[in-house]
Amino acid sequence: MLTILNQLVYFGFFQSLFLLVIYLFSSKKRTKINGFMAFLIAILFIGLLGKVVHNTEVFGKNFRLIALSEFSALLFGPTIYLFTSSVLEKKYYTFKSLVHYIPGFMYSVFILTYFIIPSDAIIIERSKTGELMRVIYMCHAVGLIVNLTYWFLSWNVFKDFSKKMKNEISYEIQNQFLFRLLIIIGCCLFIWSVLYITSLLGIDMIERKARPYIWIVLTLIILFITYYSMISPQVLQIIPELENKKYNLSKLSYQDLDKLKNKLELIMIEKKPYLNSKLLKSELAQLLGINNPELARLLNENIGMNFFEYVNYYRIKEFVTLAQTEKAKQFTFFGLAQEAGFHSKTTFNKSFKKLMGSSPSEYFNKNLQ
């Protein structure tokens, strides 16, 4: 097991070195590497360098080299959070971003002054009294709390973004990369938490042996994100170009909303804008001659649906109509769904079941017998 861990350390070290060289010397590739990730890679490189030097025993088996890896312990969570925000909310680096790294900076100062600077005699004495182990457990607890907190913040950003997009676009965005990334990181933190709790109950050897692997897995995940986003930047370009205009609050009366509702229904029936599989709310608002907030108010207050639900409601109606024509014989269910404006099979199935109460096949087996 130790050999496997060492191999992972070497792999992570050379991968981080490779990415840092690209970031420093390739201006073209540099633009494809998220700045938050570049910062964390530099920290990970220092931590991995300490592990590599410790393993090779160039300076002997000095535990202080291992302690270098702790500098990045509180940087995982904040960086994942800032990375998620930069991708989904277009929040780029500002000096305010540094606030999130204050706990990590203070933690690093503590590691430096408590574990690295003191003499061997002081460390040995702390170990004999049990103080050293108590402090190590405290450090792990702080690391877990900070990283778990930022993971939950990242997850909330992801959920809020997904909810917000349903008020702006009529199709589901391809965000599986970020979804799976957050799930994997969450699983690693969950396993770490469980092992930490078992160690507090007296089963400390399992946690001691597994902890280095969890650290390396988290490291490799971050290196993978950076590498993958560099060679396939399209996986992070999931946000459509939305209009960013500011309008005054809607001053439409209830009578105005009723008139607009009838006008909107007429547009949906006659012009069928929903056949555009990537219809945006701003485009439908333009057809109606109003702005985005006014359309949102019309949909939410007068119709009782968000934009995503409203457009897919008409797509389902179109699909049901098409399914009863001769043309239907030339298509599969999803083929017909695409003709009706759906962009995703998953979205079609979910929307159909939510509106009609059954799957497409169940519905037509029941109603077309």
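Above: the structure in question.
Notes on the structure follow. (Residues numbered from 1 in each chain as written. Predicted model: local features only at pLDDT ≥ 70, side-chain atom pairs only at ≥ 80, totals over all residues. Heavy atoms only, no water.)

**Thoughts on the overall build of the protein**
The condition that has to hold: For helices the rule is a DSSP run of H or I covering at least 4 residues; for strands it is a run of E covering at least 2, with both sets numbered from the N terminus onward. For every residue, the accessible area (1.4 Å probe, protein chains only) is compared with the maximum for its type, and the residue is labelled buried under 20%, exposed over 50%, or partly exposed between those bounds. Residue contacts are counted whenever heavy atoms from the two residues lie within 4.5 Å of one another. Each accessible area is a Shrake-Rupley estimate made with a 1.4 Å probe; only the visible protein chains count as cover when residues are assessed.
Within the protein, the regular secondary structure consists of 17 helices and zero strands. Counting across all 369 residues of the protein, residues that qualify as buried make up 46%. Taking the intrachain contacts of the protein between residues at least 6 apart in sequence as the baseline, contacts between residues at least 24 apart amount to 73%. Carbon and sulfur atoms form 62% of the exposed surface of the protein, whose accessible area is close to 20400 Å².

**Details of the environment of Leu275**
The topology assignment puts Leu275 in the loop between α11 (254-270) and α12 (281-288). Since its relative accessible area comes to 35%, Leu275 is described here as partly exposed. Once the C-alpha coordinates of Leu275 and His343 are considered, the two residues, 68 residues apart in sequence, prove to be 9.9 Å apart. Setting aside chain neighbours within four positions, we find Leu275 in contact with Glu318, Glu339, Ala340 and Gly341.

**Regarding the packing of aromatic side chains**
As a reminder, the rule being used: Planes of paired rings set the category: under 30 degrees apart is stacked, over 60 is edge-to-face and the rest tilted, where pairs are Phe, Tyr or Trp rings (Trp by its six-membered ring) whose centres lie within 6.5 Å.
Considering all chains together, one arrives at 20 aromatic pairs under this definition. With 5.8 Å between their ring centres and 55° between their planes, Tyr81 and Tyr150 make a pair best called tilted. Of the two residues, Tyr81 is situated in helix α5 (residues 76-88) and Tyr150 in helix α8 (residues 131-165); the sequence distance between them amounts to 69 residues. Here Tyr81 and Tyr150 have matching classes, each one buried. Between Trp155 and Phe158 the ring centres are 5.6 Å apart and the planes differ by 25°, which places this aromatic pair in the stacked class.

**Points about the packing of helix α3 (residues 35-56) against α5**
What counts here: An axis is simply a line fitted to the C-alpha atoms; with a helix, the fit covers only the stretch in contact. Between two such axes, the angle follows the N-to-C directions and lies from 0 to 180 degrees. Geometric relationships in this document are graded by angle, where less than 35 degrees denotes roughly parallel, more than 145 denotes roughly antiparallel, 65 to 115 denotes roughly perpendicular, and other angles denote oblique. In a left-handed crossing the near helix is turned counterclockwise from the far helix by less than a right angle, and in a right-handed crossing that turn is clockwise.
Close contact between α3 and α5 brings their axes to 9 Å; oriented N to C, the two are set at 160°. The pairing of α3 with α5 is recorded here as roughly antiparallel in orientation. In this structure, α3 meets α5 at a crossing whose hand is left-handed. Between α3 and α5, the residues in contact are Phe36, Met37, Leu40 and Leu44 and Phe76, Thr79, Ile80, Leu82, Phe83 and Ser86, respectively.

**Observations concerning the side chain of Asn306**
To be explicit about the condition: Side-chain atoms alone can form a polar contact between residues adjacent in sequence; in general such a contact is a pair of N or O atoms within 3.5 Å, and within protein one must be able to donate a hydrogen while the other accepts it.
Mapped onto the elements of the fold, Asn306 is located in the loop between α13 (292-303) and α14 (307-323). A distance of 3.2 Å separates a polar side-chain atom of Asn306 from the backbone nitrogen of Phe308. Among all residues touching Asn306, those that are not within four sequence positions of it are Lys166, Asn167, Leu299 and Asn300.

**A closer look at the environment of Leu49**
Counting through the fold element by element, Leu49 comes out in helix α3. Judged by relative accessible area, Leu49 falls into the partly exposed class, the value being 34%. Counting along the chain gives 20 residues from Leu49 to Ser69, while the straight-line C-alpha distance between them is 8.3 Å.

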